[in-house]
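# A look at the structure
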Amino acid sequence: MNMRGLWPLTLANIKSFYRDRASLFWTIAFPVLFVVLFGSIFGSNSPSTFNIGWVDQDGTPAATSLRDGFATVPLLALKNETQDQALADMRNGKLDAVIVVPQGLGAALTGGASAAGNGPFQLIVYTDPSRQTASSTVQQVVQQVIGGINQQLSGTPPALAMATRPLQSVDLSNAAYFVPSILAMALMQLGIFASIPLVGQREKLILKRLNATPLSRATLVLSNVFTRLIIALAQTVIIVAIGALMFGVTIVGSIAVTAGLVVLGAMTFLAIGYVIASYARTEDTANALTSIVQFPLMFLSGIFFPIEFMPDWLRPVAAFMPLTYLGDALRQTMVGGAAYAPIGIDVLVLGGWLIASFLISARFFRWQ
Amino acid sequence: MAPVSDAAVISVNDLRKSYGSVHAVDGISFEVRRGEVFGLLGPNGAGKTTTIEILEGLNKPDGGSASVLGMDPTHEGNRLKELIGVQLQTAALYPNLTVTELIGLFGRFYRHARPTSELLNEFALDEREVALSKELSGGQRQRLSVALALVNDPEMIFLDEPTTGLDPQARRSLWEQIRTFAAQGRTTLLTTHYMEEAEQLCDRVAIMDHGHILEMGTVNELVARHFKERTVRFISHADLTDERLATIRGVSKVAHEDEETVLYTTEVPATIGALLELGEQLQLTGLDLAVRRPTLEDVFLSLTGRALRD
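All values reported here derive from a predicted model rather than from experimental measurement.

Rules and cut-offs
- Residues numbered from 1 in each chain as written.
- Chains lettered and ligands numbered in written order.
- Predicted model: local features only at pLDDT ≥ 70, side-chain atom pairs only at ≥ 80, totals over all residues.
- Heavy atoms only, no water.
- Core = buried A, V, L, I, M, F, W, Y, C linked by side-chain atoms within 4.5 Å.
- Buried < 20%, exposed > 50% of the residue type's maximum accessible area, 1.4 Å probe, protein only.
- Helix = DSSP H or I, 4+ residues; strand = E, 2+ residues; numbered from the N terminus.
- Domains from an automatic or database assignment.
- Contact = heavy atoms within 4.5 Å.
- Axes fitted to C-alpha atoms, helices over the stretch in contact; angles between N-to-C directions.
- Left-handed = near helix turned anticlockwise from the far one by under 90°.
- Nonpolar A, V, L, I, M, F, W, Y, C, P; charged D, E, K, R; others polar.
- Buried area = accessible area lost by both parts, 1.4 Å probe.
- Salt bridge = Lys/Arg side-chain N within 4 Å of Asp/Glu carboxyl O.
- Polar contact = N/O pair within 3.5 Å; in protein donor to acceptor, adjacent residues only side chain to side chain.

## As for the nonpolar core
Counting 155 residues, the largest nonpolar core has Ile-10, Phe-158 and Leu-189 of chain B as its most contacted members. Tallying contributions element by element places helix 8 (residues 175-193) of chain A first for this core, with 14 residues. Here this core spans two domains, since at least three of its residues come from each of domain 1 (8-218) and domain 2 (228-292) of chain B. The residues contacting Ile-10 of chain B, other than those within four sequence positions of it, are Phe-30, Glu-31, Val-32, Leu-55, Ser-67, Val-68, Met-156, Phe-158 and Leu-189 of chain B. Phe-50, Ala-63, Phe-121 and Val-142 of chain A belong to the second largest nonpolar core, which has 27 residues in total.

In structure tokens, the structure reads:
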């Protein structure tokens, strides 16, 4: 196939994109603004206190005095809970970490267990690894408290140690939730907003003019796809960088899988953008249709709050939205977020939307 | 005069195209020879643009045949598009690219492209080379649009109303560029609804209306075919009634155009003499007499009963 003109046209598209203030705002500035805003409001950089679930399975006076030791640390607010309750609260974002005192602490500290040579007695600490500040602060505090106790007991080997367990929380007040979510939103906007210049180019007869040159239509479409993918990768880098630098949200999962999901998401929403462009005759209609599609996607896809928080009657709507699955897959991959659906399902649903949208636009898209 | 040869570079035979019940092009046939500047002349909706777009490979005909540079534009469009230059009625330009970028970009679509600097120079766009196309004036956009049609050094160009919206000076300079192009033995097919453009620029014209070609030939041929008369024009005056004027010797028809009365006459001196005499009798001044050969406008009027610009 004749692919002449592919890169010059892609370059021209990218130039047109960054010279257009509106598209630059919606695809770059708008999501960045959201990350910064929500991150600052809900995912404060240095919270004054951390809410800790205290699970005492030992019940001896030793455990009570250990609790008193932790209670003196001003950074921590302790709350007594059962283990199941505590872990559930942490998943829902009510707690920042959970400390479990297993049965046998009293015996261990009075010499029985360590004398038996079982090694130090372990406190179990659940933290959310995607929330670096909370996670490392709590672990440091626990280490210090344990160190103090070990010193007091002056026993060798040390009597107490800490075992950490990762637990993903779906905390609203969590920048880790927003960064992948808003990346998903940005990819959605990038894709469906592609319909506006496309319809504009048809309306201004630019597509017709291109058709009067030897440039093939396949090259034209491919160039639009490449343009959007390149911008999508730029969006991803910017949003992830802001998440990491401002809120300490780093990609804990595979970067390759993340990149793959970014590409799949961008392609899916670009195909939906082409569907919009198939039905909109004028740039104004495309603008209106884009808003009509954008806002339900934005608010009913678990971007700003988890789908569990939605009323029951709205959940089937969320289950229909492609953005639900892109956000879910990105959260799972980037920050180890709680799954709405297995990643395989996320990918399948997105792929389904991609293929269906592609077929619809292949059938109905008009070049003139 | 342009070196016109006998070889037909465009030949159109019984071409048809309908949109619903509207016959946009209704069985037209014509040939354009190498080196010719050929004009399709007619009012809006006559079928000029549909015809030109079929020849450019942008539109499919319903019936008949067309051949451009020996190729069928419908089925050999890709090969043909390498060799032709196209300017659409609307200057279809990416708004956020500069003049230089647009010329460079379009050049990359072709196997061979002319240097950007050469085109910038030729179309007096060098001072605006870094301007975005949306910042250009109407005339500059139009010049850029024609420059883009020439970017692949084409053997023939299609220009759809190339001078619409241009001021007279810009129009004349574009005519000069088309004449230069034709002088190199290359072919131009243009549409226009400006009579003057057709008279000044076109070797031959075809007058179109409602999808048909009404007349075809050189401007002189068409005028001679329709009018033996000349026209005598003057500022209309209430005392010079049509009835009175119609009795003047040689006058075959009295017509009105804007503020002027137009007499069609086969005997110019006798008509003018009688008119001056009448003027003296009625003590009229400032008649502003003028004698003209009928124009294409008159040909069109007599063919369709309508003025072309309507």
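Now, onward.
## Some remarks on the packing of helix 8 of chain A against helix 12 (residues 255-279) of chain A
Residues and elements named next belong to chain A. Two elements in contact, helix 8 and helix 12, have axes whose closest approach is 6 Å; the angle formed by their N-to-C orientations is 35°. Remark: the crossing between helix 8 and helix 12 carries right-handed chirality. Judged by residue contacts, Leu-183, Leu-187, Met-188, Gly-191 and Ile-192 of helix 8 engage Val-262, Ala-266, Phe-269, Leu-270, Ile-272, Gly-273 and Ile-276 from helix 12. Tallied by class, the residues present in the contact of helix 8 with helix 12 amount to 10 nonpolar, 2 polar and no charged.

## A short note on the interface of chain A and chain B
The partner chain B presents 25 residues to the 23 residues of chain A that form the contact. On the chain A side of the interface with chain B, the three residues burying the most area are Arg-4, Arg-19 and Arg-209 of chain A, jointly 28% of the side's total. Here chain A is connected to chain B by 4 salt bridges. For Glu-101 of chain B, the salt bridge is made with Lys-15 of chain A, and the minimal N-O distance between the two is 3.3 Å. Our enumeration of links across chain A and chain B arrives at 9 residue pairs in polar contact (both at pLDDT 80 or more). Where the side of chain A that touches chain B is concerned, the elements lending two or more residues are helix 1 (6-18) and helix 10 (206-211) of chain A. If one sorts the elements of the side of chain A that touches chain B by residue count, helix 1 of chain A sits on top with 6 residues. Among the residues making up the side of chain A that touches chain B, the classes are represented as 9 nonpolar, 7 polar and 7 charged.

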